[in-house]
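The chain contents come next:
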Amino acid sequence: MPEAYDPKDVSKDAIAPTGAGGAMDLAMSEAETLEKTPGGPLGTGPQEKARSLWTDAWQQLRRNPVFIISSLLIFFLVLISIWPQLIASGDPNSCQLADAHQSSGPGHPFGTDAQGCDVYTRTVYGARASISVGICATLGVAILGSIMGGLAGFFGGWWDGLLSRLADVFFAIPVVLGGLVFLSVVVSSTIWPVVGFMILLGWPQISRIARGAVITAKQNDYVQAARALGASNTRMLLRHVTPNAVAPVIVVATIALGTYIALEATLSYLGVGLRPPTVSWGIDISNASNYIRNYPHELLWPAGALSITVLAFIMLGDAVRDALDPKLR
Amino acid sequence: MGRYVIRRLFQMIPVFIGATFLIFVMVYALGDPVAALFGDKAPDPATAARIREDLGLDKPLWQQYLHYMGNIFRGDFGTAFNGQKVTELMATAFPVTAKLTFVAIVIEIIVGIALGVVSGLKRGRPLDTSLLVLTLIVISVPTFVSGYLLQYLFGLKLGWVRPTVSTDAPLNELILPGIVLALVSLAYVTRLTRTSIAENARADYVRTAVAKGLPRRRVITKHLLRNSLIPVVTFIGADIGALMGGAIVTERIFNIHGVGYQLYNGILRGNTPTVVGFVTILVIVFLVANLLVDLLYAVLDPRIRYA
Amino acid sequence: MLLEVRDLQVEFRTRDGVAKAVNGVTYEVDAGETLAVLGESGSGKSVTAQAIMGILDMPPGKITGGEILFQGKDLLKLKEDERRKVRGAEMAMIFQDALSSLNPVLSVGDQLAEMFIVHRGMSKKDAKLKAIELMDRVRIPAAKERVGQYPHQFSGGMRQRIMIAMALALEPALIIADEPTTALDVTVQAQVMDLLAELQRELNMGLILITHDLGVVADVADKIAVMYAGRIVERAPVHDIYKAPAHPYTKGLLESIPRLDQKGQELYAIKGLPPNLMAIPPGCAFNPRCPRAQDVCRTDVPPLAQVTEERQSACHFWKETLRDA
C-alpha cells in the first residue's frame, strides 16, 4: 500500500548518527514500520489480539535457530561476565613483561600481549565491561526515552514540539565525535560516564517510538471510547498504550544493546571510553593494533569476542522483530 | 515546493543552535582550555586569569557562545593555540575526508543497492537468506575491527594495497579505507533495499505493470526500483553527514590526515577552537545533507511535492 | 470463440498446506460478448482471471491442469516472452483499486504512453500524444493539461477512467475487469460502467466482468458464470438466471439483494461462511450452507448438468430448484 506510508517519517528515521549509532536508527525505522503495519498486531487491536501476538511470536521464535543460538550465546556471555572465574582462573591484570608477545602455548591458550598479559583471561574478563555498559545504557535509554516520548505523545502541542526539537538536536551530533568531546573531559575509571553519554545521545530513538505508539493509541476508537466513558489519563496510558509500545521498544532496545557494546569498544579504542584497569576489548584491540604486523593474534581474539557479542544481540533483535512483524514473514 | 524548502530551513535553525551550543558547553564548561594550554604544568594563576580575559573566557558562557558564533558567520573560526588558523586546518582536512566519504558513498550505493535488489527479488531463497546473515555479521563487526582486519589482509599479508595512506590521499589509496568506512552502512543499504524491494514487489502497481505486458527488466527498473529506492536514498543522503563524522576511526587506522585526524589531535590536546570549529562544520554538513535528502525526496515522490 | 478456458486447475502451495483455488473451471467469451463472473471472495474468480492474464504469483500459485485457448492458441503453452506480448496488447486487465494499481511516482501520461512505447515501439513524443488522445476518449476533462499529473491528483472515478484508458490503449480483443467499480462512489459507478460498456461495443471486445454486484450484472452482462469454492456452479444467459436460478447458491445470491417490493421484510442471507480452500468439504462444496442438501450432496460432487442448451448447473437437485423458483 504505497499511499499508506508517510515518507517524511522514513526520512527522519533513516538519519543515522555516526558509525555505531546507525544501527539503532535502522532498527528503529524497521520497528516503526512494524508499529504502523495496518491491521498489524501492534497496531491497534484490543488486548486479545496483543496476547495472540505474543503467543504467535513465541511459537515462531521457539523454532527459529537464529533465536536459539543468539539466546544461548547471550546467556553464556552474561554468565561469564558475572562469574568470569568459571572459565578463566587467572587475574587479567597480572602480567609479566618477560612473557610479552608469546603465541599460544601451555598456560596461555591465546598467547600473551605486549605487556605479557594472558590474552585468554583478558578476553574472558572483557565481557563484563561490555555487557554491563550495554545493559545499563539500554535500560537508561529505554526508561528515559519512554518517558520523554510518552509525555510528548500524550500531551502533544507545545510539549511535543519542544521534546521533538530536543531529540533532533541530539540526533544532529555525530555519536563518536560527541563521545570524544564529552568523554575526554569527564575522566573516570568507572563505566558511568560512558553509560551516561550513551543515554544522553540514545534516548531520542526510543522516544520517537514511544511517541508514535502513544499517538497511534490515542487515535484508536477504543481509547476514544474509554475516554468518553471517563477513564482517567494515567489509567488509559498504562492500559492501552503500553501494550502497543512494548514490542517495538523491545526490538529496538535489543538491537541497540548490541550497538552500544560496539560503541563502547569504539570509544575505548579511541582512548576516551573505559580506562584501565577496567578490562575492555576496545582497549585491548587498540593496544594490539600497534603490533598487528607481527602479532595479529593479540588483536584477533578480543576483536572476535567483541564481534560475536555484538552479533548475538543484533541477531536476537532481528529474530524478535521478524517474529513480531507478520508482514515480513 | 519553495515554501517547503523555506519551512525546512527554518526548522534547521533551532537544531543547529541547540547542537552547536551543546558541543560548546561540553568543550568549554566541562574542560579547562587554559589548563590544557599548559599541559601537565600547573599555570600561574595571574597568567591564567590574563589569558582567560584575552580569550573572553571570563564572560558568561552564552556570551562566549554568541561571540563565537558571530565570528563563525564572518568566516573566522578562531586560531588554534599553536597559532595556526582553524580555517587553514580545515582547508587541508576537509577535502581529504570529503574524498574518503565520496569513495565510501559510491561503494555503498553501487554494492549495497545491487545486493539489496538481488536479495529482495529472490526473497526467501538461499541467496537471500545468506545475504541477510552476511549483512548481520558485517553490521556486528565494529569499524575499527574490520578496518584492522582488512588492512592486515590486503595491506600486510597480500600486499595488494599500501597499508597506510600518503599525505595527499590519492583516490586509489582511499579505496580500501573507503570500503572499511562504507561497510556497516553498506550492510544497512542492502537490508533496507531488500525490504523495500520485497515489499513493493507485491504492490498492486507492479502487478499492473506486469499485466501491461512490460518486459521484466522494465517492470523492475522503471516501476519497482524507483519506488523502492525512495527510503534508500534517504538513508544514503543522511549517511553522508554521518560518514564524515564517523571517518575518525577509519582515518586513525589508515593514518589519513583528514577531519577525524585533526579533531582527534584537537581533543587530545584540548585545542578548543579546533574542536568546536570542526564539530560545528560537521553539524552543518549533517543538517544540509538532511535538507538535501528532504528535497530529493520531494523530487522522487510527487505525493510530497504536491502536498 | 475468442477465449475458452477448459478445466482450469490452480493451487496455492503455502507453508500451511495446499489451497485449491480453482478446481476445473470452464467458460468461454466471444468477441463483443460480456461474461459476468460472480462469486464471493475466495471463490476463485480473480485467480482464474489472473491465470488467463498470466499474472499469477508463481510460486506460491501453480497451474496444475487445463488449458486457456485464446484466439485458438493455448496460452499455457506459450513461452514467457510470447505470453508477455499478448498481455496488454491482445488482452488487458482493469483492477479494482486504481489508486494502488497505478504507479504513484509516474505521471499518468507516462504510464499510458508506456504501452505504445513498449508494444508499438513509438517515440516518446508520439506516445504522449496517444496518451492525451486516450484520456480524451475516456472523457477526462482537460486531458492535455492533466497528462503530466500524478495518480493522487485525480479523483477516484477519474483514476478508474485512466485504468480503463490504459487497458484500451492498444485496442485488445479481450478485457478482464476485476471489480472495476467496487471502490467507487455509487454515483460514479454507473458512469464508469457505462463508459466501459460503450467502449466495449465500439471496439467489439470480449469482456470478462468479475464482480459480486448482481445489480451491475443485470445491466451489462450477456451471460453469467457463478463460482463457488473454485468451481463453476451455474452458467447461464443472464435473463435465464434472473428469471429462475438453477442452483441453490445462485438463488441465495439473488435473494440477498434488497428489493423495494420486499420492504420491511428481513433480508435474506446465505448462512455460514465460504469454505476453507485447504479443506473443501467432500461432495458438493456448498452442502454445509445449502438449504436443500441431502446425503448425496455430502458424498458426491455434482457434475455440471446440462439444463438447457446454453445453461448448466452443478447441483444434484437443479430440477427441483428450478421448479421452486
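Residues numbered from 1 in each chain as written. Chains lettered and ligands numbered in written order. Predicted model: local features only at pLDDT ≥ 70, side-chain atom pairs only at ≥ 80, totals over all residues.

Focus: the overall build of chain B
Then comes step 1: Looking only at helices and strands, chain B has 13 helices and 0 strands in total.
Then comes step 2: Tracing chain B from N to C terminus, the helices and strands come up as α-α-α-α-α-α-α-α-α-α-α-α-α.
Then comes step 3: For chain B, the proportion of its 307 residues judged to be buried stands at 47%. (Helix = DSSP H or I, 4+ residues; strand = E, 2+ residues; numbered from the N terminus. Buried ≥ 20, exposed ≤ 12 C-beta atoms within 10 Å, placed from the backbone.)

Some points on the UniProt feature "transmembrane region" (unreviewed entry) in chain B
Then comes step 1: Within the UniProt annotation, "transmembrane region" (unreviewed entry) is assigned to residues 12-31, 100-119, 131-154, 174-192, 224-249 and 275-300 of chain B.
Then comes step 2: Here residues 174-192 of chain B runs as 95% helix and 0% strand, with 26 Å between its end C-alpha atoms. (UniProt positions renumbered as here; feature names shortened; annotations may be inferred.)

Digging into the packing of helix α6 (residues 157-172) of chain A against helix α8 (residues 192-219) of chain A
All names here are of chain A.
Then comes step 1: Where α6 contacts α8, the two axes come as close as 8 Å, and the packing angle between them is 130°. One element, α6, and the other, α8, form an angle in the oblique class. The two elements α6 and α8 meet at a crossing, and its hand is left-handed. In contact with Ala167, Phe170 and Phe171 of α6, α8 contributes Leu201, Pro204, Ser207 and Arg208. (Axes fitted to C-alpha atoms, helices over the stretch in contact; angles between N-to-C directions. Parallel < 35°, antiparallel > 145°, perpendicular 65-115°, else oblique. Left-handed = near helix turned anticlockwise from the far one by under 90°. Contact = placed C-beta atoms within 7 Å.)

So, the domain arrangement of chain B
Residue and element names in this part refer to chain B.
Then comes step 1: Partitioning chain B into domains gives domain 1 (2-73) and domain 2 (94-300).
Then comes step 2: Once you take the C-alpha centre of each, domain 1 and domain 2 turn out to be 32 Å apart.
Then comes step 3: Taken residue by residue, the interface counts 17 residues in domain 1 and 13 residues in domain 2.
Then comes step 4: Of all the secondary structure elements, the ones that give two or more residues to the side of domain 1 that touches domain 2 are α1 (2-30), α2 (33-37) and α4 (61-73).
Then comes step 5: Sorting elements by how many residues they give to the side of domain 1 that touches domain 2 places α1 first, with 12 residues. (Domains from an automatic or database assignment.)

Focus on helix α5 (residues 124-137) of chain C
For an α-helix, the turn length of 3.6 residues means that residues three or four places apart are oriented alike.
All names here are of chain C.
Then comes step 1: With 14 residues, α5 extends 20 Å between its outermost C-alpha atoms, agreeing within 8% with the 20 Å of an ideal straight helix rising 1.5 Å per residue.
Then comes step 2: Among the residues making up α5, those that are buried are Ala127, Lys128, Lys130, Ala131, Leu134 and Met135. One side of α5 carries all its buried residues, which in axial view fall inside an arc of 160°.
Then comes step 3: Among the structural elements, α4 (108-120), α6 (143-146) and α7 (156-168) are those in contact with the buried residues of α5.
Then comes step 4: After α5 finishes, the residue Arg139 shows a positive phi value of roughly 60°. (Expected span 1.5 Å × (residues − 1). Arc of directions from axis to C-beta.)

Observations regarding the confidence of the model for chain C
Then comes step 1: Taken as a whole, chain C shows an average pLDDT of 85; of its residues, 97% reach a score of 70 or greater.
Then comes step 2: On the interface metric, ipTM, the complex scores 0.85, and its pTM is 0.81. (pLDDT = per-residue confidence, 0-100.)

Some words on the nonpolar core
Then comes step 1: Core analysis: the largest hydrophobic core is formed by 265 residues, its most contacted members being A:Val181, A:Met198, B:Ile23 and C:Ala165.
Then comes step 2: In contact with C:Ala165, other than residues within four places in its own chain, are C:Leu112, C:Leu134, C:Met135, C:Arg137 and C:Val138. (Core = buried A, V, L, I, M, F, W, Y, C linked by C-beta atoms within 7 Å.)

Description of the pairing of strand β9 (residues 223-228) of chain C
Both faces of the sheet carry side chains from a regular strand, because those side chains alternate between them.
Residue and element names in this part refer to chain C.
Then comes step 1: Burial within β9 is extensive, with 6 of its 6 residues counted as buried.
Then comes step 2: Sheet topology note: the strand β3 (residues 34-38)/β9 ladder contains 4 bridges and is parallel. Bridge assignment links Leu35 to a residue of β9, and that residue is Lys223.
Then comes step 3: Sheet topology places β9 next to strand β10 (residues 231-237); 6 bridges connect them, and they run antiparallel. The partner of Tyr228 across the bridge, within β10, is Arg231.
Then comes step 4: The loop that links β9 with its antiparallel partner β10 comprises 2 residues; one of these, Ala229, has a positive phi angle of about 50°. (Pairing = 2+ DSSP bridges.)

Things to note about the UniProt feature "domain: ABC transporter" (unreviewed entry) in chain C
Then comes step 1: Mapped onto this numbering, the UniProt entry annotates "domain: ABC transporter" (unreviewed entry) at residues 5-254 of chain C.
Then comes step 2: Taken end to end, residues 5-254 of chain C is 41% helix and 27% strand, and its first and last C-alpha atoms sit 26 Å apart.

A closer look at the interface of chain B and chain A
Then comes step 1: With 53 residues of chain B at the interface, the matching set in chain A holds 47 residues.
Then comes step 2: Contributing elements (two or more residues each) for the side of chain B that touches chain A: α1, α6 (126-140), α7 (143-157), α8 (175-200), α10 (216-253), α11 (259-268) and α12 (272-300) of chain B.
Then comes step 3: With 12 residues, α10(B) is the single largest residue contributor to the side of chain B that touches chain A.
Then comes step 4: Taken together, the residues of the side of chain B that touches chain A break down into 40 nonpolar, 10 polar and 3 charged. (Nonpolar A, V, L, I, M, F, W, Y, C, P; charged D, E, K, R; others polar.)

A look at α8(B)
Then comes step 1: At B:Leu183, α8(B) shows its largest bend, some 50°.
Then comes step 2: Summarising burial for α8(B): 24 of the 26 residues are buried, a large majority. (Bend = angle between axes of the 7 residues up to and from the residue.)

Brief notes about the sheet that holds strand β2 (residues 17-29) of chain C
Residues and elements named next belong to chain C.
Then comes step 1: One open sheet accounts for 4 strands, arranged β2-β1-β4-β5; its pairing is antiparallel. Single-partner strands in this sheet number two, and they are β2 and β5 (73-74).
Then comes step 2: With 10 bridges connecting them, strand β1 (residues 3-14) and β2 associate as antiparallel partners. Residue Glu11 lies in a different strand from β2, and its bridge partner there is Lys20.
Then comes step 3: With respect to the sheet, helix α1 (residues 45-53) is in contact with β1, β2 and β4 (61-70), its orientation differing from that of β1 by roughly 110°.

Notes on the confidence of the model for chain B
Then comes step 1: Confidence along chain B averages 82 in pLDDT terms, with 91% of residues attaining 70 or more.
Then comes step 2: When mean pLDDT is taken per element in chain B, helix α9 (residues 204-211) of chain B scores highest with 91 and α2(B) scores lowest with 60.

Considerations on the environment of B:Val118
Then comes step 1: Relative to the assigned elements, B:Val118 resides in helix α5 (residues 86-121).
Then comes step 2: Distance from B:Val118 to B:Ala198, taken between C-alpha atoms, is 9.9 Å for residues 80 residues apart in sequence.

Looking at the environment of C:Lys62
All names here are of chain C.
Then comes step 1: With respect to the helices and strands, Lys62 occurs in strand β4.
Then comes step 2: Separated by 42 residues in sequence, Lys62 and Lys20 place their C-alpha atoms 9.8 Å apart.
Then comes step 3: If we ignore the near neighbours within four places in the chain, the residues touching Lys62 are Val10, Glu11 and Arg13.

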